[in-house]
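Chain by chain, the residues run as shown.
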Amino acid sequence: MSQQQLDEETPLLPLQRKARTPLPWRQFSIILFLQLAEPLTSQVIAPFAPQLIRDIGITNGDETSVGYYVGLMYSLFFATQALTVLHWNRISDHIGRKPVILTGLFGLSISMYCFGLSTTFSGLVLSRALNGALNGNVGVIKSMMVDITDSTNLAQAYAYMPLAWSTGGTIGPLVGGLLSRPVEQFPNVFGHSQFLKTYPYFLACAVPATFSALAWIVTSLFLRETVPTRVTLGRFLRSKYHKDTIPGPVTLTGSSDSLSTEDAARPANGDDSKLLPLRSLLIPRVIIAAGNYAALSFLDIAFRDVQPLFFATPIELGGLGLDPPRIGNILAIYGVINGLFQILFFADLHDRFGSKIIYSAAMAAGVPMIVIFPILNAVARVQGLSFTLWAIVGLQLAFSMILNLAYACVFIYIAAASPNQASFGATNGIAQLGVSIVRAIGPASATSTFSLSIKNPHHAWVIYYYMIALVCIGIFASLFLPRQLWKNQN
């Protein structure tokens, strides 16, 4: 179906300038706090993952196999998440967001404690699988953001999401590098601890695990439910296995634990209380929004995995030859600046240009972002680590920040694609399912292609062709997004 046909057949939400509703900061700040848990737990292992694989002996001293097992460990989380994320998001539409978030935080906490206590590869695999299987919070939290906002402040709310991820993605590696193998790093403090000698990575894993436990307590005490329904988990499960009928959400009155539905973000569409079956959600606009999210995530995770490899690869092999501390500083500075950039500029840019223009421009920024890689190596070969080279690195990071604007836009499209408010969770689950799949295969495919490029001079540009192809796929997918947000056809 062409873009013209989509625009003609799909009713569109008329553009209206409205005063921006203030964000409900008490609940919104709690949601941002909860978002820190996942990047902390996923990124804390980054500094010590290769050494951990060496220590458990699974490679039998074969250094070339370390990367394979590290990649497998990373991909396993997204693979198991892909198997369960849709179910968790659909469950949140029935029993509420809060119980699902509590389950996810419990899974994060337990799995990270288990990871720190693992001394075999099978133990690492089981803990990572538990982490992914129990954690559907990414999509559920996005649904909750839609629940507590409206069309005037949803863009502002989504602009804050990169701040939480950037903060967690910055703190996580710092914690992992500082607290792994503490007996060796701080012998005066931990030198007498036999426990930390036996489990040298437990302390680093215990920090995000304890944070997730703290987030569980905060959620339990202070987070207010946003779905106006009280179907118990037991009843939901009985309906799955005994074909009981579950009614749509029932509005609660006089409950201090539920936000008023008048405060929730509702698309201007049909019956908000009707819970739709999965088949009814697989409509063109949901598939288009979810497909764009997957295409964006594939490009982004490929770039995130290749960029530090490129920085660390010797200049003569096509990289920049930077040491780990310098790479860490670059990524940490980028994380902070990117988070601030999204907060300060996205909402105003969105109000002025709209989702389609910003998303298209962000995807187009991927082209110069990738092309800069070989330019950096060429400059490094001639001038070394000169001012010119650092300026070009800064330019690449600027294009990367522009690319990240696309995330908030695609989240808005996903929210608008939901047939009704009661199906926000399931719609986000469909989108997150596709993203989990591409994130399971993205790191391995990108790093393997990069390895091929540096091993054979005749294939030196293969990685850049590959990443440019990902940009083209993203640009092609963006052509199917309408200029105005979808509106229910009922």
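Numbering of residues starts from 1 in each chain and follows the order in which that chain's sequence is written. Two thresholds apply to this predicted model, a pLDDT of at least 70 for residue-level local features and 80 or more for giving and counting side-chain atom pairs, whereas whole-chain, interface and lining totals are computed over all residues. Each side-chain value is worked out from all heavy atoms of the structure, with water and hydrogens disregarded.

## Digging into the overall build of the protein chain
Inference 1: Looking only at helices and strands, the protein chain features 22 helices and 0 strands.
Inference 2: When a residue's accessible area, from a 1.4 Å probe over protein chains only, is under 20% of the maximum for its type it is buried; when over 50% it is exposed; and in between it is partly exposed. Looking at the protein chain as a whole, 52% of its 490 residues are labelled buried.
Inference 3: Of the contacts made within the protein chain by residues no fewer than 6 positions apart, 82% connect residues no fewer than 24 positions apart.
Inference 4: By element, 65% of the accessible surface of the protein chain is carried by carbon and sulfur atoms, the whole surface being about 21600 Å². Counting from the N terminus, the helices are the DSSP runs of H or I reaching at least four residues and the strands are the DSSP runs of E reaching at least two. Any two residues whose heavy atoms approach within 4.5 Å are treated as being in contact. Surface exposure here means Shrake-Rupley accessible area, sampled with a 1.4 Å probe, where a residue is shielded only by the protein chains that are shown.

## Some remarks on the packing of aromatic side chains
Inference 1: Note on ring pairs: Phe, Tyr and Trp rings are taken, using the six-membered ring of Trp, and paired if centres are within 6.5 Å. Classes follow the plane angle, with under 30 degrees stacked, over 60 edge-to-face and the rest tilted. Overall, the coordinates contain 22 aromatic pairs when judged by the stated rule.
Inference 2: Centre to centre, the rings of tryptophan 25 and tyrosine 160 are 5.4 Å apart; their planes meet at 85°, and the pair counts as edge-to-face. Here the residue tryptophan 25 occupies a position in helix 2 (residues 25–35), and tyrosine 160 occupies one in the loop between helix 9 (154–159) and helix 10 (161–179), the gap between them amounting to 135 residues.
Inference 3: Of the residues examined, tryptophan 25 reaches a relative accessible area of 41% and is grouped as partly exposed.
Inference 4: Residue class for tyrosine 160 comes out buried when judged on its relative accessible area of 16%.
Inference 5: Geometrically, the ring pair formed by phenylalanine 373 and tyrosine 464 is stacked, given 6.0 Å between the ring centres and 20° between the ring planes. Highlighted residues: phenylalanine 373 in helix 19 (residues 366–383) and tyrosine 464 in helix 22 (residues 462–478), separated in sequence by 91 residues. Exposure class is identical for phenylalanine 373 and tyrosine 464. Each is buried.

## Observations concerning helix 20 (residues 387–417)
Inference 1: Here helix 20 contains 31 residues, and its C-alpha end-to-end distance of 46 Å stays within 8% of the 45 Å for a straight helix at 1.5 Å per residue.
Inference 2: Counted residue by residue, helix 20 has 22 buried out of 31 residues, so it is predominantly covered. The span you would expect from a helix comes to 1.5 Å times its residue count less one.

## Things to note about helix 21 (residues 424–455)
Inference 1: Taking 1.5 Å per residue as the helical rise, helix 21 with its 32 residues ought to reach 46 Å, and the 46 Å between its terminal C-alpha atoms agrees with that figure.
Inference 2: To get the bend at a residue, fit one axis to the 7 residues ending there and another to the 7 starting there, then take the angle between the axes. The principal kink in helix 21, of about 30°, is found at glycine 442, preceding the proline proline 443 by one to four residues.

## Considering the packing of helix 19 against helix 22
Inference 1: Under this scheme, a helix contributes an axis fitted over its contacting stretch, all axes are lines through C-alpha atoms, and angles between N-to-C directions fall in the 0 to 180 degree range. Between helix 19 and helix 22, the shortest axis-to-axis distance is 9 Å and the interhelical angle comes to 175°. When the axis of helix 19 is compared with that of helix 22, the two are roughly antiparallel. Contact with helix 19, carried on its side by Gly366, Val367, Ile370, Val371, Phe373 and Pro374, involves Tyr464, Met467, Ile468, Val471 and Ile475 of helix 22 and no other residues of that element.
Inference 2: Across the contact of helix 19 with helix 22, the residue classes tally to 10 nonpolar, 1 polar and no charged. If an angle is under 35 degrees, it is roughly parallel; if it is over 145, roughly antiparallel; if it lies from 65 to 115, roughly perpendicular; otherwise it is oblique. Each residue is assigned to one of three groups, with Ala, Val, Leu, Ile, Met, Phe, Trp, Tyr, Cys and Pro labelled nonpolar, Asp, Glu, Lys and Arg labelled charged, and all others, Gly among them, labelled polar.

## What about the UniProt feature "transmembrane region" (unreviewed entry) in the protein chain?
Inference 1: UniProt positions are given in the numbering used here, feature names are shortened, and annotations may be inferred rather than shown by experiment. With numbering matched to this structure, UniProt assigns "transmembrane region" (unreviewed entry) to residues 66–88, 100–126, 201–223, 282–303, 327–345, 357–376, 388–415 and 462–481.
Inference 2: In this annotation, residues 201–223 is assigned 91% helix and 0% strand; the end-to-end C-alpha distance for the span is 32 Å.
Inference 3: Each end of residues 282–303 is marked by a C-alpha atom, and these two atoms are 30 Å apart; helix forms 91% of the span and strand 0%.

## Digging into the environment of threonine 41
Inference 1: Position of threonine 41 among the secondary structure elements: in helix 3 (residues 37–43).
Inference 2: For threonine 41, a relative accessible area of 1% gives the class buried.
Inference 3: C-alpha separation for the pair threonine 41 and serine 109, spaced 68 residues apart in sequence, amounts to 8.6 Å.
Inference 4: In contact with threonine 41, not counting residues within four places along its chain, are Leu108, Met112, Arg128, Pro208 and Ser212.
Inference 5: Two N or O atoms count as a polar contact when they lie within 3.5 Å, although within protein this holds only if one can serve as hydrogen donor and the other as acceptor, and sequence-adjacent residues are included solely when both atoms are side-chain atoms. A polar atom in the side chain of threonine 41 sits 2.9 Å from the backbone oxygen of glutamate 38.

## A short note on unusual backbone geometry
Peptide bonds are mostly trans, and most non-glycine residues show a negative phi.
Inference 1: With phi around 50°, arginine 181 is a residue other than glycine that occupies positive phi space.
Inference 2: Position of arginine 181 among the secondary structure elements: in the loop between helix 10 and helix 11 (182–185).
Inference 3: Residue arginine 181 is classed as partly exposed on the basis of its relative accessible area, which comes to 23%.

## As for the pattern of salt bridges
Inference 1: Salt-bridge detection follows one rule: a side-chain nitrogen of Lys or Arg within 4 Å of a carboxyl oxygen of Asp or Glu. Under the definition given, this model contains 5 salt bridges.
Inference 2: Measuring nitrogen to oxygen at the nearest pair gives 2.6 Å for the salt bridge that ties glutamate 184 to arginine 181.
Inference 3: One network of salt bridges, in which partners are shared, links Asp55, Arg181 and Glu184.

## Examining a nonpolar patch on the surface
Inference 1: Patch building starts from residues that exceed 30% relative accessible area and form no salt bridge, then joins like charges within 9 Å and nonpolar side chains (Val, Leu, Ile, Met, Phe, Trp, Tyr) within 5 Å. A grouping of Phe106, Ile110, Trp216, Ile217, Leu221 and Phe222 is seen on the molecular surface, where their side chains present a nonpolar patch of about 580 Å² in accessible area.
Inference 2: At the level of elements, helix 6 (97–117) and helix 14 (202–222) are the ones that each hand at least two residues to the nonpolar patch.
Inference 3: For the nonpolar patch, the element with the highest residue contribution is helix 14, accounting for 4 residues.
Inference 4: With respect to the helices and strands, the residue phenylalanine 106 is situated in helix 6.
Inference 5: Judged by its relative accessible area of 49%, phenylalanine 106 falls in the partly exposed class.

## Re the nonpolar core
One broad trend across soluble globular proteins is that nonpolar side chains are buried collectively.
Inference 1: What is meant by a nonpolar core is a set of buried Ala, Val, Leu, Ile, Met, Phe, Trp, Tyr and Cys residues, joined one to another through side-chain atoms within 4.5 Å. Counting 101 residues, the largest nonpolar core has Tyr158, Leu320 and Phe346 as the members making the most contacts within it.
Inference 2: Looking at this core element by element, the count peaks at 18 residues for helix 20.
Inference 3: In this view, phenylalanine 346 contacts Ala155, Ala159, Phe341, Ile358, Leu405, Ala408, Cys409 and Ile412; residues no more than four positions away in its chain are not counted.
Inference 4: Core analysis: the next-biggest nonpolar cluster, separate from the first, contains 21 residues, Val44, Phe48, Val70 and Phe121 among them.

## Observations regarding the side chain of lysine 142
Inference 1: Position of lysine 142 relative to the elements: it lies in helix 8 (residues 137–147).
Inference 2: There is no salt bridge for the buried lysine 142, and the closest opposite charge comes from glutamate 38, which lies 8.8 Å off by N-O distance.
Inference 3: A distance of 3.2 Å separates polar atoms of two side chains, one belonging to lysine 142 and the other to glutamine 432.
Inference 4: Not counting chain neighbours up to four residues away, the residues in contact with lysine 142 comprise Tyr158, Met161, Tyr293, Phe411, Asn428 and Gln432. The convention is simple: Lys and Arg are positive, Asp and Glu are negative, and His and the chain ends are not counted.

## Some points on the environment of phenylalanine 186
Inference 1: Among the structural elements, phenylalanine 186 can be located in the loop between helix 11 and helix 12 (187–190).
Inference 2: Apart from residues no more than four positions distant in its own chain, phenylalanine 186 is found in contact with Leu178 and Gly191.

## Brief notes about the confidence of the model for the protein chain
Inference 1: Of all residues in the protein chain, 84% attain a pLDDT of 70 or more, and the chain-wide mean is 81.
Inference 2: Within the protein chain, helix 14 carries the highest mean pLDDT (95), whereas helix 1 (residues 3–9) carries the lowest (49).
Inference 3: The quantity known as pLDDT measures the predictor's confidence residue by residue, on a range of 0 to 100. Note on residues 6–10: pLDDT is under 50 here. Beyond four places in sequence and across chains, it has 8 contacts.
Inference 4: The low-confidence segment residues 241–270 (pLDDT under 50) makes 70 contacts with residues lying over four places distant or belonging to another chain.

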